[in-house]
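# A closer look at the structure
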Amino acid sequence: MPVDDILAAVGSRRQELIALAQDLIRIPTLNPPGRNYRRICEMLGERMLAQGWEVEYHRATGSPGDSDEYPRWNVVARLRHGPGPCVHFNSHHDVVEVGQGWTRDPFGAELDGGRIYGRGACDMKGGLAASVVAAEAFVAARRGFQGTVEISATADEESGGYGGVAWLAERGAFAHVDHVIIPEPLNKDRICLGHRGVWWAEVETHGRIGHGSMPFLGDSAIRHMAAVLSEFEDRLYPLLQGRITAMPVVPDGARQATLNLNSLHGGQPEPEGGALPAPVVADSCRVVLDRRFLAEESLPEVKAEVTRLLDRLVETRPGFRYTLRDLFEVHPTMTAPDAPVVTSTAAAIERVLATTPALVASPGTYDQKHIDRIGKLKNCIAYGPGLLHLAHQPDEWVGVQDMEDSAKVMALVLDDLLQN
């Protein structure tokens, strides 16, 4: 079936696409703590209701961070047209903190030189806007389609997705879904099949408090932590550098197993008001580990590898004691390259961009983990506008042409998967 009418329907909505992306960016859905989640859900819900879609609002009561002050709201819009498959577009609506270094209003959504600037423009409100316009254009051009189109905007992906996709998946929200596209910013000419695994943990070393003028009467937890870090440098990092995955992870440096020391806290909290600290020996020091592991590695062995290094210090370093706490874990996931949503998206990219798309995997996790592990749905990819390296950066932006091209691809995928 010719698709020029669908492409034209998307193209005619270019100004509408810009306006929608700007409206989304101007709502500061900051996470933490979780601001304006209900506001952005209602904005999208009212838009879809006005076009005849079913709309549901879901508060993830009891999820991490959910409170009456900062409730975790999600919205799901649905348009059914008889029997047929269900295609679901899922975007997270939360954004990370603004940070330093901006030269533009982070929530101004300024349009300049074909780019829209703002926190969340790239990650991933540009993708959310593209999926909405793609669905609207497809419905306008193919009023007799058979099946269901769904669009969701969900909470807390930036902090694990437990108040968003995980919460919905646990309640069966994806049980009837056949295909999922997550418009994360992986570049418009690439299809992301999945991601590496992650284990976050906290190591705490224990000491004994004492007077800073007589440190020999105490036992410094900070010095014990220095020994831990030395073990990592001398023994663990060299091992990780030699482990390379066969998954098509981008960029190339992320194809190896990695360990990031996310934060380090030892001794007294910083005194308030410019006061000087008291002279004491630190009795506690904590480091948070962010271990990204490969499909070729097992999570039990990843954990055991760290435990063995710590236990070695117990045996060899006088007074060394530690506590290891799991924070969260995610297993690697990857959709098959010949899955229907992959082949359909690849054909659409070739039609719109006249190029064969690269099949890649993400260095970091996103909500595919919950759709796979909890929702039990393998037919899921990430595809959307934006450049991955701009995410979380100052002066974050998304290209208008990238949004339009991605929307055209998504609309063609709907046409392919929901053919009469």
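Residues numbered from 1 in each chain as written. Predicted model: local features only at pLDDT ≥ 70, side-chain atom pairs only at ≥ 80, totals over all residues. Heavy atoms only, no water.

### Structural notes on the packing of aromatic side chains
Scanning all chains against the criterion turns up four aromatic pairs. Taking 6.4 Å as the distance between ring centres and 70° as the angle between the ring planes, the aromatic pair formed by Tyr-162 and Phe-328 counts as edge-to-face. Taken together, the positions of Tyr-162 in the loop between β6 (147–154) and α5 (165–170) and Phe-328 in strand β12 (residues 322–330) put the pair 166 residues apart, joining distant regions of the chain. Relative to Phe-328, the ring of Trp-200 lies with its centre 5.5 Å away and its plane at 20°, an arrangement referred to as stacked. Of this pair, Trp-200 sits in strand β9 (residues 197–206) while Phe-328 is found in strand β12, placing the two residues 128 residues apart along the sequence. Accessibility expressed as a relative area gives 19% for Trp-200, which makes it buried. (Phe/Tyr/Trp six-rings, centres within 6.5 Å; stacked < 30°, edge-to-face > 60°. Helix = DSSP H or I, 4+ residues; strand = E, 2+ residues; numbered from the N terminus. Buried < 20%, exposed > 50% of the residue type's maximum accessible area, 1.4 Å probe, protein only.)

### Things to note about the layout of surface pockets
For the largest pocket, the calculated volume is near 740 Å³. Lining of the largest pocket is provided by 26 residues; of these, Glu-158, Arg-292, Gly-364, Thr-365 and His-392 occupy positions nearest its centre. Contributing elements (two or more residues each) for the lining of the largest pocket: β9 and β11 (284–293). Residue classes in the lining of the largest pocket are distributed as eleven nonpolar, eight polar and seven charged. Here the second largest pocket defines a volume of roughly 340 Å³. (1 Å grid on protein atoms, 1.4 Å probe; cavity = no way out; pocket = protein on both sides within 12 Å on 5 of 7 lines; lining within 4 Å. Points joined across faces, edges and corners; volume = space filled by probe spheres on them. Nonpolar A, V, L, I, M, F, W, Y, C, P; charged D, E, K, R; others polar.)

### Some thoughts on the environment of Ile-209
With respect to the element layout, Ile-209 can be found in the loop between β9 and α6 (221–241). With a relative accessible area of 53%, Ile-209 lands in the exposed category. For the pair Ile-209 and Ile-18, spaced 191 residues apart in sequence, the C-alpha separation works out to 58 Å. Once residues within four sequence positions are removed from consideration, Ile-209 is found in contact with Gly-218, Val-280, Val-281 and Asp-283. (Contact = heavy atoms within 4.5 Å.)

### Overview of the packing of helix α2 (residues 14–25) against helix α4 (residues 121–141)
Two elements in contact, α2 and α4, have axes whose closest approach is 9 Å; the angle formed by their N-to-C orientations is 140°. Accordingly, the angle class assigned to the pair α2 and α4 is oblique. α2 and α4 meet at a crossing whose hand is right-handed. Counting all contacts with α2, which are made through Glu-16, Leu-17, Leu-20, Ala-21, Leu-24 and Ile-25, the residues of α4 involved are Ala-121, Lys-125, Leu-128, Ala-129, Ala-130, Val-132, Val-133 and Glu-136. Of the residues belonging to the contact of α2 with α4, the class tally is eleven nonpolar, no polar and three charged. (Axes fitted to C-alpha atoms, helices over the stretch in contact; angles between N-to-C directions. Parallel < 35°, antiparallel > 145°, perpendicular 65-115°, else oblique. Left-handed = near helix turned anticlockwise from the far one by under 90°.)

### Comments concerning the pattern of salt bridges
In a structure, side chains of opposite charge can pair up when their charged atoms sit close to one another. Within this structure, the stated rule accounts for 35 salt bridges. Measuring nitrogen to oxygen at the nearest pair gives 3.3 Å for the salt bridge that ties Asp-68 to Arg-59. Looking at Asp-68, the relative accessible area reads 70%, which means it is exposed. Overall, the relative accessible area of 23% leaves Arg-59 in the partly exposed class. (Salt bridge = Lys/Arg side-chain N within 4 Å of Asp/Glu carboxyl O.)

### Considering the environment of Val-98
Examined against the element boundaries, Val-98 turns out to sit in the loop between β3 (86–92) and β4 (111–112). Note on Val-98: relative accessible area 21%, which makes it partly exposed. Considering only alpha carbons, one finds Val-98 and Arg-308, 210 residues apart in sequence, at a separation of 39 Å. Discounting residues that sit within four places of it in the chain, Val-98 has contacts with Leu-30, Pro-106, Phe-107 and Arg-119.

### Digging into empty space enclosed by the protein
Rolled over the atoms, a probe as big as a water molecule pinpoints where empty space is left. For the structure on display, the rule yields one cavity of 30 Å³ or more. What lines the largest cavity is simply Leu-44, Met-48, Val-75, Val-76, Ala-77, Leu-128, Val-132, Ile-151, Ser-152 and Ala-153. Secondary structure elements with two or more residues in the lining of the largest cavity: α3 (37–49), β2 (73–81), α4 and β6. Along the lines of polarity and charge, the residues of the lining of the largest cavity split into nine nonpolar, one polar and no charged.

### With respect to the side chain of Arg-142
By secondary structure assignment, the location of Arg-142 is in the loop between α4 and β6. Polar contacts involving the side chain of Arg-142 include one to the main-chain carbonyl oxygen of Pro-2, which spans 2.8 Å. Only 2.9 Å separates the side chain of Arg-142 from the side chain of Asp-415, close enough to count as a polar contact. (Polar contact = N/O pair within 3.5 Å; in protein donor to acceptor, adjacent residues only side chain to side chain.)

### Comments concerning the sheet that holds strand β10 (residues 258–266)
Strand order across the open sheet formed by four strands is β10-β11-β9-β12, with antiparallel pairing between neighbours. Each having just a single partner strand, β10 and β12 make up the two edges of the open sheet. Adjacent strand axes in the sheet meet at a mean angle of 15°, parallel and antiparallel pairs treated alike. Taken together, the ten bridges between β9 and β11 define a ladder with antiparallel strand orientation. Its bridge partner lying in β11, Thr-205 is registered against Cys-285. (Pairing = 2+ DSSP bridges.)

### Section: the sheet that holds strand β5 (residues 115–117)
What the three strands build is an open sheet, ordered β4-β5-β16; its pairing is antiparallel. Two strands in the sheet have a free side with no partner beyond their single neighbour: β4 and β16 (397–399). In this sheet, β16 lies alongside β5 in antiparallel orientation, the contact comprising three bridges. Paired with Tyr-117 across the bridge in β16 is Trp-397. Against the sheet, α2 makes contact with β4 and β5, and its axis sits at roughly 15° relative to β5, the strand it touches most. Seen against the sheet, helix α10 (residues 400–417) touches β4, β5 and β16 and runs at an angle of roughly 60° to β16.

### Observations concerning the pairing of β9
The element β9 is extensively covered by neighbouring structure, given that ten of its ten residues are classed as buried. Residues Gly-197, Trp-199, Ala-201, Val-203 and Thr-205 point to one face of β9 and Val-198, Trp-200, Glu-202, Glu-204 and His-206 to the other, with burial holding for every one of them. Relative to β12, β9 runs antiparallel, the two being bridged by eight bridges. Bridging from a neighbouring strand, Val-203 pairs with Leu-324 of β12.

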